[in-house]
Amino acid sequence: MKFVPLSRVILLELKRNGYNILTSKNTVDDENPTWYPLTVPDVDDYLLHLDCSGSIVPMEEQALLVIDDALANIEEGQLLGEVFIEIDHLGELEDKIQFYCKCPKKSNSLKLDINV
């Protein structure tokens, strides 16, 4: 298990894996929250339950991020914090980050012999 910086690529991958919310023990005022991916059957019901159950305490509101809302409304530079990723998904995720960021990957280059 590892923490990775929150980014649009991470959000897209989490969404693809069925996650729809990032939750945190940090408050909304924290500038570097630690996020934990979560899957809920119905996001609206989940949010309503949080509000109605009194689990949202004024001035101590915990950070929560709805993945679809973040992808639609938050720019890359505004995404803050780190996401806790399970290690079995980490290698695949790092490969995708390298691909999407077009960063050079630290591996042997593959040479193809194409005869036309």
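Residues numbered from 1 in each chain as written. Predicted model: local features only at pLDDT ≥ 70, side-chain atom pairs only at ≥ 80, totals over all residues. Heavy atoms only, no water.

Asker: Any details on the pattern of salt bridges? Residues and values, ideally.
Answerer: Taken as a whole and judged by the stated rule, the model has 2 salt bridges. A salt bridge links Glu 13 to Arg 16, with the shortest nitrogen-to-oxygen separation between them at 2.8 Å. With Glu 13 and Arg 16 both in helix α1 (residues 8-16), this residue pair falls 3 residues apart, about one helical turn. Here Lys 15 ties to Asp 68 by a salt bridge, and the two come within 2.8 Å at their closest N and O atoms. In this pair, Lys 15 is assigned in helix α1 and Asp 68 in helix α3 (residues 67-73), connecting sequence segments 53 residues apart. Its relative accessible area of 41% is what places Lys 15 among the partly exposed residues. By relative accessible area, Asp 68 is classed as partly exposed at 43%. (Salt bridge = Lys/Arg side-chain N within 4 Å of Asp/Glu carboxyl O. Helix = DSSP H or I, 4+ residues; strand = E, 2+ residues; numbered from the N terminus. Buried < 20%, exposed > 50% of the residue type's maximum accessible area, 1.4 Å probe, protein only.)

Asker: Help me get a handle on the nonpolar core, residues and values and all.
Answerer: Membership of the largest hydrophobic core comes to 16 residues, with the highest contact counts inside it found for Leu 6, Leu 11, Leu 14, Leu 22, Trp 35, Ile 67 and Val 83. Broken down by secondary-structure element, the contributors of at least two residues to this core are α1, β4 (62-66), α3 and β5 (82-85). (Core = buried A, V, L, I, M, F, W, Y, C linked by side-chain atoms within 4.5 Å.)

Asker: Lay out the environment of Thr 39 in plain terms, naming residues and giving numbers.
Answerer: With respect to the helices and strands, the residue Thr 39 is situated in the loop between β3 (34-38) and α2 (43-52). The class of Thr 39 is partly exposed, set by a relative accessible area of 47%. C-alpha separation for the pair Thr 39 and Tyr 19, spaced 20 residues apart in sequence, amounts to 4.6 Å. The residues contacting Thr 39, other than those within four sequence positions of it, are Gly 18, Tyr 19 and Asn 20. At 3.0 Å, the side chain of Thr 39 forms a polar contact with the backbone oxygen of Gly 18. (Contact = heavy atoms within 4.5 Å. Polar contact = N/O pair within 3.5 Å; in protein donor to acceptor, adjacent residues only side chain to side chain.)

Asker: Describe the sheet that holds strand β1 (residues 2-5), naming the residues involved and giving the relevant values.
Answerer: Across the sheet, 5 strands lie side by side as β1-β5-β3-β2-β4; this open sheet has mixed pairing. The sheet is open, and its two edges are formed by β1 and β4, each paired on a single side. In this sheet, neighbouring strand axes are inclined to one another by 35° on average, regardless of whether the strands run parallel or antiparallel. As defined by bridge partners, strand β2 (residues 21-27) adjoins β3 across 3 bridges and the pair is classed as antiparallel. In the strand pairing of β3, Ile 21 is matched with Leu 38. Lying over the sheet, α1 contacts β1, β2, β3 and β5, oriented at roughly 35° with respect to β5. Relative to β4, α2 is tilted by about 165°, and along the sheet it contacts β2, β3 and β4. (Pairing = 2+ DSSP bridges. Axes fitted to C-alpha atoms, helices over the stretch in contact; angles between N-to-C directions.)

Asker: Quick one: what's the story with the packing of aromatic side chains, residue by residue and with numbers?
Answerer: Applying the stated criterion across every chain yields a total of 3 aromatic pairs. Judged by centre distance (5.0 Å) and plane angle (55°), the ring pair of Phe 3 and Phe 84 falls under tilted. With Phe 3 in strand β1 and Phe 84 in strand β5, the pair connects residues that are 81 residues apart, well separated along the chain. Residue classification places Phe 84 among the partly exposed residues on the basis of a relative accessible area of 24%. (Phe/Tyr/Trp six-rings, centres within 6.5 Å; stacked < 30°, edge-to-face > 60°.)

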